[in-house]
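# Chain and residue survey
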Protein chains: 2
Amino acid sequence: MKKAERLERLEDRLKDAGVLHLSDAASHLGVSEMTVRRDLASAPHLFSYLGGYILPAGSERSTYRLDAEADTHSEAKELACQKASRLVEPDDTIFIDCGTTTPRMTEYLPLSGKLTVITYAMNVAERVMKRPNTNLILLGGLFHASSQTFSGDEALRSVERLGISKAFLSAGGLHSQHGATCSNFHEVPIKQAVLARAGLSYLVIDSSKLEKIKPAFFATTDQFDDVITE
Amino acid sequence: MKKAERLERLEDRLKDAGVLHLSDAASHLGVSEMTVRRDLASAPHLFSYLGGYILPAGSERSTYRLDAEADTHSEAKELACQKASRLVEPDDTIFIDCGTTTPRMTEYLPLSGKLTVITYAMNVAERVMKRPNTNLILLGGLFHASSQTFSGDEALRSVERLGISKAFLSAGGLHSQHGATCSNFHEVPIKQAVLARAGLSYLVIDSSKLEKIKPAFFATTDQFDDVITE
DNA sequence: GCCGATATGTTATGATTCTAACAAGATTTG
DNA sequence: CAAATCTTGTTAGAATCATAACATATCGGC
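Residues numbered from 1 in each chain as written. Chains lettered and ligands numbered in written order. Predicted model: local features only at pLDDT ≥ 70, side-chain atom pairs only at ≥ 80, totals over all residues. Heavy atoms only, no water.

## Quick look at the domain arrangement of chain A
According to the domain assignment, chain A consists of domain 1 (3-61) and domain 2 (74-228). The centre of domain 1 of chain A, based on its C-alpha atoms, is set 41 Å off from the matching centre of domain 2 of chain A. (Domains from an automatic or database assignment.)

## Looking at the packing of helix α2 (residues 22-29) of chain A against helix α3 (residues 33-42) of chain A
Residue and element names in this part refer to chain A. At a closest axis distance of 8 Å, the pairing of α2 and α3 adopts a crossing angle of 100 degrees. Relative to α3, the element α2 is oriented roughly perpendicular. Contact residues: L22, S23, A25, A26 and L29 in α2; E33, V36 and R37 in α3. Residue composition of the contact of α2 with α3, grouped by class: five nonpolar, one polar and two charged. (Axes fitted to C-alpha atoms, helices over the stretch in contact; angles between N-to-C directions. Helix = DSSP H or I, 4+ residues; strand = E, 2+ residues; numbered from the N terminus. Parallel < 35°, antiparallel > 145°, perpendicular 65-115°, else oblique. Contact = heavy atoms within 4.5 Å. Nonpolar A, V, L, I, M, F, W, Y, C, P; charged D, E, K, R; others polar.)

## As for a negative patch on the surface
Negative charge collects at one region of the surface, where E5, E8, D12 and D16 of chain A lie side by side. Inspection of the secondary structure assignment puts D16 of chain A in helix α1 (residues 3-17). (Patch = residues over 30% accessible without salt bridge, like charges linked within 9 Å, V, L, I, M, F, W, Y side chains within 5 Å. Areas by Shrake-Rupley, 256 points an atom, 1.4 Å probe, with all protein chains shown as cover. Salt bridge = Lys/Arg side-chain N within 4 Å of Asp/Glu carboxyl O. Lys, Arg positive; Asp, Glu negative; His and termini not counted. Charge placed at Lys NZ, Arg CZ, Asp CG, Glu CD.)

## With respect to the protein's contact with DNA strand D
In the vicinity of DNA strand D, the residues found are R6, V31, S32, M34, T35 and R38 of chain A together with H21, M34, R37, Y49, G51 and G52 of chain B. Per the 4 Å cut-off to the protein, sugar and phosphate atoms form 58% of the nearby atoms of DNA strand D. In this structure, a phosphate oxygen belonging to DNA strand D sits 2.9 Å away from a side-chain N or O atom of S32 of chain A. R38 of chain A places a polar side-chain atom, nitrogen or oxygen, 2.6 Å from a base nitrogen of DNA strand D. Listed by contribution, the elements that provide at least two residues to the surface near DNA strand D are α3 of chain A together with α3 (33-42) of chain B. When residues in the surface near DNA strand D are grouped by element, the largest group, three residues, is from α3 of chain A. Class assignment for the residues of the surface near DNA strand D results in four nonpolar, five polar and three charged. (Near = heavy atom within 4 Å. Polar contact = N/O pair within 3.5 Å; in protein donor to acceptor, adjacent residues only side chain to side chain.)

## Observations regarding the side chain of N184 of chain A
All names here are of chain A. With respect to the helices and strands, N184 occurs in the loop between β11 (179-182) and α7 (188-197). Residue classification places N184 among the buried positions, given a relative accessible area of 17%. Of note is the side chain of N184, whose polar atom sits 3.4 Å from the side chain of S146. (Buried < 20%, exposed > 50% of the residue type's maximum accessible area, 1.4 Å probe, protein only.)

In structure tokens:
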């Protein structure tokens, strides 16, 4: 058995198991741990190796799943999104912000009528594109892994040419004195452009965000028509 | 600082970094490693912990299942993409077109260096965003489910402001007389804008496309520096 | 303030992982 | 066939990780 074959078997095995311990891999391949180490070192584009465990390459940067339970304050966010979705009418053109809260709205949006969803968040786009009877407009640009969003001048210009009936914004903090703030500065221009263009603007947050302050300020409290929490 | 806050900060940090060493996490949070261990143990649904390293939960399950077999001329496309990827150098800025062929290139691109990938195809973006050390620029706009792409004026204007060293285009047909054609008219403006801006342009197709004609014409054969097939 | 309960830090010990160096076997090449 | 090269295995010491036990600190009633 040659190195190439071992690498292939490792790859296959990883697709099933997800992670593999060095010692398991060694016995599975019938070679010493040292050989597996050397195999791994020779193919860093295929595998990641962390403290004795083998992973498929790139899984460190996996998309953040929004599985119902795999998130802090999950039930609160779910509830807030259900309430927010009730405000959407079948023929609206709505903006949905990034984060772990507002993307959940996609599950509760009305299916009748011709809804149009505008977003700059990948996790929102991925969900909306699978819906029937729904237009999706994604504001593109440079991708930021930290927030799963895009940023760029052209996106701002696009917003100015769109009609937005209702905007659903998210925030990392909402403070009575210091308004709405978020963690990433690149989100600020888009949020502000949307706020300026939207007919009605809502802030959708779970109550744990109240009275918190994050580094990037983007709006005062009175710029929102309503704040929706659980 | 309470446990809940530490967990949130860990989550944020992981979104950026992907993995985090126990000792880094401890110093980042200003607590002992033992406390971080205990925090992790109390929230196994949020994090995976392997040999001293913290990962987002579920990242072992990287489901990069390719539609590889569920596609015609699959091996031919795969081969063409491998050949095309060999033309890419570590610090290039490349454009990758839509379809079922060119998105496979993402698997073979070099991992060293700081690659930048420009695209208007959702299936390309979804793959590139999971790669480390890679910038992703998505040309946004209105989503077309038929080709999994976006279209819009702002995207065209974005292309004019980008420097593209190599462009990898796809086509539904390449005819000796009638040039390169595709099935969707909304792809034409982007393809043409990219052709006009790219340093080198390649057409990546499997040989079954040769001498075929599709409804939307977008380029003559001599506009490409090379045609890459299996 | 006092108390119990919970949270956090420290230490020590054993297990595991990492790395380098060398030896033995397999493969290529002239 | 023999030398050179590449591959693999073994060993040992250093570094790191895991776990438990205990000490200290903090918090929330009463």
